[in-house]
Amino acid sequence: MINAVNDGQWSGTWVAERLGVELMGDDELTGLLGLALRRNPKRAHLLVSNVLGKHVPQSPSVVYGYGFALGRRVRELLGAEEAGEAVVLGYAETATGLGHSVADGIGSAPYLHSTRRPVAGVAAAGGFEESHSHATSHLLLPEDPALLAGDGPLVLVDDEFSTGNTVLNTVRDLHGRYPRRRYVVVALVDMRSAADAGRLEEFAAEIGARVDLVAAASGTVRLPEGVLEKGQALVARYEAESAAGGASSGAGEWGLVAQFPAPLAPTHPHPTVNRVDLLWPRDLPDGGRHGFTPAHRARLDAALPAMAARLAEALPPGARRVHVLGFEELMYAPLRLARELEQVAQGVEVRYSTTTRSPVLAVDDPGYAIRSRITFPAHDDPADGPGERYAYNVAGAGFDAVVAVVDSAADTPALHAPDGLLAQLAAHTPHVLLAVVPSYVPERPSMLPEPLRGPAFSSYAPEEVGWLLQDLSEVTLEAPTEEREEAIQSGGAHYAESLPVEYQPSEQYQELFHAALESAATRIAQAVGAVTELVLAERSPRPVLVSLARAGTPVGVLMRRWAQFRHGLDLPHYAVSIVRGRGIDANALRWLAAHHDPADVVFVDGWTGKGAITRELADAIQEFEASDGITGFDPEIAVLADPGSCVRTYGTREDFLIPSACLNSTVSGLISRTVLRADLVGPHDFHGAKFYRELAGADVSVDFLDAVSACFPEVTEAVDAQTKELLSADRAPTWEGWAAVERISEEYGIHDVNLVKPGVGETTRVLLRRVPWKILARAGAGADLDHVRLLAEQRGVPVEEVGELPYTCVGLIHPRFTRGATGADGKAVNV
């Protein structure tokens, strides 16, 4: 156990005496933790770890040893087989080094940590919020998306487990994208209340996964009433007194003095900083921001002795106390260097900590955990803009030398400025050394492939649409509908990882499609014209149409044809993949940004249901802007029909039969629904799809387009009148469709909005691709539902007429599906 006292006192005494805060729990708790105060509107006190290597300089062997030992405990918990399939995820910024050490202890586990630094060109694989933190947005930026896509245990590592909110937010985000059976939560200290512990258990039961917890110590923090306000007042008063010149020793009830009440000037304006070339191995990641594999670990282990020897040679003669100072999220590389230095530098006491973004009050008292603070400007061009950064307990600690270890992204003029970190360190130690680790950025291909076009890919003419997809036609991806449904609902697979067997329409159904097309062509042509005119008037005079494959693709082609017919415009048109729960294809966005102005891009879809894709696109564009720094894409979708009232740009809000919804690939250029599977789609690939060339005999894709386009001349006046009306109307989304879906989900005991598919188009998809339970039809709905009634009859699905329904119909997916929920003939049965 470490010595966690200052001059014989526990480093939480000062806060405990003034605020009445108590730590209750394991005997070793006060050895692991001290207390401090910070400027934070949500939680004034701060649990300061003595073994994390963040705020308190500590022996690097102790810091690494705690993480490694926790990893060994996880390995024992999981057993060798499951441990071999585990992936470790650490939290930025404080637990990046701890998580990496846990992964080392497990043995062969790859490691990834969240980050608050977006990296241009690297797409986010997820993100989450830390509710109590002063800086909340966490990004996950793995170089290989397959890192998170396996079904082995996910080990989540944080320094403390206080309420469990951060872990819940993480698991909620990741389980929706990459569901798995088991999670292990690891922390140095578990400080949850009994109520918070119960919440985690309830959440685990809700998602149907096992969640274990491993901690070095556990307990709770007793907070008296009004502690937040009292703590804030204490911080404000002390900072005000410090700013006015500082308290004197024995000043009233304070009885203390800030060691550095105001920033100290450097000992000389241009301090001498000796740069040490570590000769860091080429292409070895500096940490887990983009993933760190067992192969990376082996390379680092082999290189560490030589790098530590270079550091030892650079130390000034006679140095006896040396501090290795890491940089914010860069904790693991400095920790391993410090630990190795501890082994090779004989007679030298080595300590380790890192700089941080977290503002904490410094009080020079033996009973307080943060006794000194060095303040300096950020020096890595952070995404959230300039601001103060801090190094705690380094000033006044009597170090003969400080080795600052930063990554190359942080080796900027601000680091070397007169008020920068190096100069501030030089005020408090006679020797400053700088070691720079190359910032690892995953390589991207210099060029993404050109779009696929017909007739090589799709039955559309090459000028009609370019597909920003990769051709997976030779891969077997189809699975029986019942098997897919069971896998999707059990969490065992994502719907985008396989394809349904393509529905082959009967002769009766094909006749119904042609009849529907004949009766609806004029109506569709008018909606196409109206939505295209809105786009030209409000979005861009030369828009780049980008359809969301595949339902949006026929609509995008028709909008392109209208612009050519009415205005002589030859608009570019592409189709891209978007996957619910996974977002839009970031590589497709990169290609578009490289070839067009993002501000001209207009995303196109066929219709809205409850608006899930509308929300998905908005979130995906926001994530893309954060990860790539490319802005200008407008996430608002233009749709033919908006029965859910989810968008502003639409041709109609009526819920009627769009014949292209009746069929699958045979009305969409013979292209399958898009596929996103980690073993087929790499980090630099477009999402995939198949071209069903063998279905050419049943293809009506061009027939559909030509039938609607032939009606353009007769609807011109109607389009002009409708466009004028729409431009002056209040088209703000009301999201009434979403509200109806939530109501239906509860009323029918489904309790999952993803299993409620509103509107004629979505209901048709349920009947063609999923395992339907029942169909709700608005009373009095006529010919628009002929094809729905026919499909429902063929699959043995009841159609229930409903009086109050904002849609023409709603399809309900079987809510508790297993293969036992269908009869021997494959037809659905009632629950």
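Per chain, residue numbering runs from 1 following the sequence as it is written. Under the rules for a predicted model, residues below a pLDDT of 70 receive no local features and side-chain atom pairs below 80 are neither given nor counted, while totals for whole chains, interfaces and linings still include all residues. The side-chain quantities take in all heavy atoms of the structure and omit both hydrogens and water.

*Asks:* Would you mind showing me how to read the overall build of the chain here?
*Replies:* The number of helices and strands found in the chain is 21 helices and 34 strands. Categorising residues by exposure relies on relative accessible area from a 1.4 Å probe, with only protein chains included: less than 20% of the type maximum marks a residue as buried, more than 50% marks it as exposed, and the intermediate range marks it as partly exposed. Here the chain holds 831 residues, and 59% of them are scored as buried. Considering only contacts within the chain whose residues lie at least 6 apart along the sequence, 77% involve residues at least 24 apart. Areas reported as accessible are Shrake-Rupley estimates using a 1.4 Å probe. Residue values count occlusion only from the protein chains shown. Accessible area of the chain: about 30700 Å², with a carbon and sulfur share of 50%. Labels follow the DSSP assignment, with helices taken as runs of H or I lasting at least four residues and strands as runs of E lasting at least two, numbered in each case from the N terminus. The contact criterion used throughout is that any non-hydrogen atoms of two residues lie within 4.5 Å.

*Asks:* Sorry, what's going on with the sheet that holds strand β18 (residues 401–407) here?
*Replies:* The strands making up a sheet associate through backbone hydrogen bonding, with each pair oriented either parallel or antiparallel. A sheet is described by the order of its strands in space; here five strands give the open sequence β13-β19-β18-β14-β15, paired in parallel fashion. Every other strand in the sheet has two partners, leaving β13 (273–276) and β15 (349–354) as the edge strands with one partner each. With strand direction ignored, the average angle separating the axes of adjacent strands in the sheet is 25°. Pairing between two strands is assigned when DSSP locates at least 2 bridges connecting them. Summarising the sheet, strand β14 (residues 321–326) and β18 pair through four bridges and their orientation is parallel. Across the sheet, V322 pairs through a bridge with A401, a residue of β18. Only C-alpha atoms enter the line fits that serve as axes; for helices the fit covers just the stretch in contact. Angles between N-to-C directions range over 0 to 180 degrees. Set on the sheet, helix α8 (residues 294–314) makes contact with β13, β18 and β19 (432–437); between it and β13 the angle comes to about 155°.

*Asks:* Just to check I follow, could you spell out the side chain of D380 for this structure?
*Replies:* Counting through the fold element by element, D380 comes out in the loop between β16 (373–377) and β17 (388–392). Classification of D380 as buried rests on a relative accessible area of 10%. Filtering out sequence-adjacent residues up to four positions away, D380 remains in contact with R117, F327, E328, A409 and A410.

*Asks:* Looking at this structure, I do not really get the packing of helix α3 (residues 60–83) against helix α9 (residues 332–344). What am I missing?
*Replies:* Think of two packed helices as two axes; the pair is described by the angle between the axes and how far apart they sit. Remark: α3 packs on α9, axes separated minimally by 8 Å, with the N-to-C direction vectors making an angle of 125°. Here α9 runs oblique to α3, going by the angle between their axes. Two packed elements cross with a definite hand, and for α3 against α9 that hand is left-handed. Together, P60, S61, V63 and Y64 of α3 and Y332, L335, R336, A338, R339, E342 and Q343 of α9 make up the contact between the two elements. Oblique is the label for any angle not under 35 degrees, not over 145, and not in the 65 to 115 range, which are roughly parallel, roughly antiparallel and roughly perpendicular in turn. Helix crossings fall into two classes, left-handed where the near helix is turned counterclockwise from the far one by less than a right angle and right-handed where it is turned clockwise.

*Asks:* Hey, could you run me through α9 in this one?
*Replies:* Given 3.6 residues per helical turn, the α-helix brings residues three or four places apart onto the same face. Under the convention used throughout, the expected extent of a helix is 1.5 Å for every residue step, that is, one less than its residue count. For α9, spanning 13 residues, the distance from its first C-alpha to its last is 18 Å, which sits close to the expected 18 Å at 1.5 Å a residue. When we look at burial in α9, the residues that qualify are Y332, A333, P334, L335, R336, L337, A338, E340 and L341.

*Asks:* Looking at this structure, how should I read the nonpolar core?
*Replies:* The tendency in soluble globular proteins is for nonpolar side chains to be buried side by side. Throughout this description, the term nonpolar core refers to a set of buried Ala, Val, Leu, Ile, Met, Phe, Trp, Tyr and Cys residues connected via side-chain atoms within 4.5 Å. Core analysis: the biggest nonpolar cluster contains 131 residues, and L37, V155, V186, Y368 and L425 have the highest contact counts within it. Residues in contact with L37, not counting those within four places in the same chain, are W14, V15, L19, A44, H45, G231, L234, V235, V360, L361 and Y368. Counting residues in hydrophobic clusters, the runner-up holds 73 residues, among them L469, A516, L705 and L790.

*Asks:* Whenever I open this one, the packing of aromatic side chains confuses me. Can you help?
*Replies:* Geometry of an aromatic ring pair is reported as the spacing of the ring centres plus the angle between the planes. The aromatic pairing rule takes the rings of Phe, Tyr and Trp, using the six-membered ring of Trp, and pairs them if the centres are within 6.5 Å, calling planes under 30 degrees apart stacked, those over 60 edge-to-face and the rest tilted. This structure, assessed with the given rule, holds 13 aromatic pairs. Plain terms: the ring middles of F624 and F633 are 6.1 Å apart, the flat faces sit at 65° to each other, and that makes the pair edge-to-face. Ring pairing ties together the aromatic residues F457, Y460, W467 and F691, which thus form one cluster. The lysine or arginine in question, R615, covers the ring of W735, its NZ or CZ lying 4.3 Å from the ring centre. Either the NZ atom of lysine or the CZ atom of arginine qualifies as a charge over a ring when it sits within 6 Å of the ring centre and within 35 degrees of the ring normal. Sitting above the plane of the W773 ring, K774 keeps its charged end 4.6 Å from the centroid.

*Asks:* Can you help me understand the environment of V681 in this one?
*Replies:* You can see V681 is positioned in the loop between β29 (649–652) and β30 (688–689). Given a relative accessible area of 3%, V681 falls into the buried group. Distance from V681 to D144, taken between C-alpha atoms, is 9.9 Å for residues 537 residues apart in sequence. Excluding residues within four positions of it along the chain, V681 makes contact with P145, Q470, V675, L676, F686, H687 and G688.

*Asks:* Help me understand the packing of helix α15 (residues 586–595) against helix α16 (residues 612–628), please; the structure alone is not making it clear to me.
*Replies:* In the contact formed by α15 and α16, the axes pass within 11 Å of each other and the chain directions differ by 70°. In terms of orientation, α15 and α16 fall into the roughly perpendicular class. Note that α15 runs across α16; the crossing there is right-handed. Mapping the contact onto sequence places A586, L589 and R590 in α15 and I621, F624 and D628 in α16. Residue classes in the contact of α15 with α16 are distributed as four nonpolar, no polar and two charged. Note on residue classes: Ala, Val, Leu, Ile, Met, Phe, Trp, Tyr, Cys and Pro are nonpolar, Asp, Glu, Lys and Arg are charged, and everything else, Gly too, is polar.

*Asks:* Quick question: what am I supposed to make of the environment of L46 here?
*Replies:* Structurally, the position occupied by L46 is in strand β5 (residues 45–49). Judged by its relative accessible area of 7%, L46 falls in the buried class. In sequence terms L46 and A369 are 323 residues apart; their C-alpha atoms lie 9.5 Å from each other. Filtering out sequence-adjacent residues up to four positions away, L46 remains in contact with G34, L35, A36, R38, H55 and V360.

*Asks:* Hey, could you run me through the confidence of the model for the chain in this one?
*Replies:* Close reading of the predicted structure is inappropriate where its pLDDT is low. Of the residues in the chain, 88% reach a pLDDT of 70 or more, and the chain-wide mean stands at 85. Confidence of the prediction at every residue is given by pLDDT, a number between 0 and 100. Taken together, the stretch residues 481–485 has pLDDT below 50 and engages in 21 contacts with residues farther than four places along the chain or on a different chain.

*Asks:* It is not clear to me how the pattern of salt bridges should be interpreted in this structure. Could you clarify?
*Replies:* Charged atoms that come close allow side chains of opposite charge to pair. Whenever Lys or Arg places a side-chain nitrogen within 4 Å of a carboxyl oxygen from Asp or Glu, that contact is recorded as a salt bridge. In total, this model carries 34 salt bridges according to the counting rule given. Measuring nitrogen to oxygen at the nearest pair gives 2.9 Å for the salt bridge that ties R275 to D411. Note that R275 is positioned in strand β13 and D411 in the loop between β18 and α10 (413–416), a separation of 136 residues in sequence. Connected through salt bridges with shared partners, the residues E82, R182, R210 and D212 form a single ionic network.

*Asks:* What exactly am I supposed to notice about helix α13 (residues 507–538) here?
*Replies:* With 32 residues, α13 should reach 46 Å at 1.5 Å per residue; the first-to-last C-alpha distance of 43 Å fits that figure. A maximum bend of about 55° is found in α13 at A520. What we call the bend at a residue is the angle made by axes fitted to the seven residues finishing there and the seven residues starting there.

*Asks:* When you look at the sheet that holds strand β34 (residues 809–813) in this model, what are you seeing that I'm missing?
*Replies:* Within the open sheet, the four strands sit side by side as β31-β34-β32-β33. Their pairing is mixed. In this open sheet, the two strands that pair with only one neighbour each are β31 (756–758) and β33 (799–802). With direction set aside, neighbouring strand axes in the sheet form an average angle of 20°. Across four bridges, strand β32 (residues 772–778) lies against β33 in parallel orientation. Within β33, the position partnered with R778 by the bridge is V802. Helix-sheet contacts for helix α19 (residues 736–747) involve β31, β32 and β34, and the interaxial angle to β31 is about 140°.

*Asks:* In this structure, what is going on with the pairing of strand β11 (residues 182–190)? I would like to understand it.
*Replies:* Side-chain direction in a regular strand flips from residue to residue, so the side chains alternate between the two faces of the sheet. For β11, the buried fraction is high: nine of the nine residues fall into the buried class. With seven bridges joining them, strand β10 (residues 154–161) and β11 adopt parallel strand pairing. Bridging from a neighbouring strand, V155 pairs with V184 of β11. Chirality of the crossover, the property in question, places the unit of β10, helix α5 (residues 165–177) and β11 among those that are right-handed. We call a crossover right-handed when, viewed with both strands directed away from the observer, the connection leading from the first strand over the helix to the second proceeds clockwise.

*Asks:* Just checking my understanding: could you explain the side chain of D104 for this structure?
*Replies:* Tracing the backbone through its elements, the reader meets D104 in helix α4 (residues 96–106). Overall, the relative accessible area of 6% leaves D104 in the buried class. Throughout this description, a polar contact denotes any pair of N or O atoms lying within 3.5 Å of each other; where both atoms belong to protein, one of them has to be capable of donating a hydrogen while the other can accept it, and for residues adjacent in sequence the pair is counted only when both atoms sit in side chains. Within polar-contact distance, the side chain of D104 engages the side chain of Y332 at 2.5 Å. In this view, D104 contacts Y64, F68, R297, Y332 and R336; residues no more than four positions away in its chain are not counted.

*Asks:* Would you explain unusual backbone geometry in this entry?
*Replies:* Across the chain, the bulk of peptide bonds are trans and the bulk of non-glycine residues have phi less than zero. E93 follows A92 through a cis peptide bond whose omega is -5°. Relative to the helices and strands, E93 resides in the loop between β6 (87–90) and α4. Here the phi dihedral of E328 falls at roughly 45°; this positive angle occurs in a residue that is not glycine. As for its placement among the helices and strands, E328 is situated in the loop between β14 and α9.

*Asks:* Sorry if this is basic, but what is going on with the environment of R297 here?
*Replies:* Mapped onto the fold, R297 is located in helix α8. Look at R297 and you get buried, because its relative accessible area is 7%. Linking R297 and Y111, residues 186 residues apart in sequence, is a C-alpha distance of 9.9 Å. Beyond its immediate sequence surroundings of up to four residues, R297 is in contact with A103, D104, G107, S108, A109 and F292.

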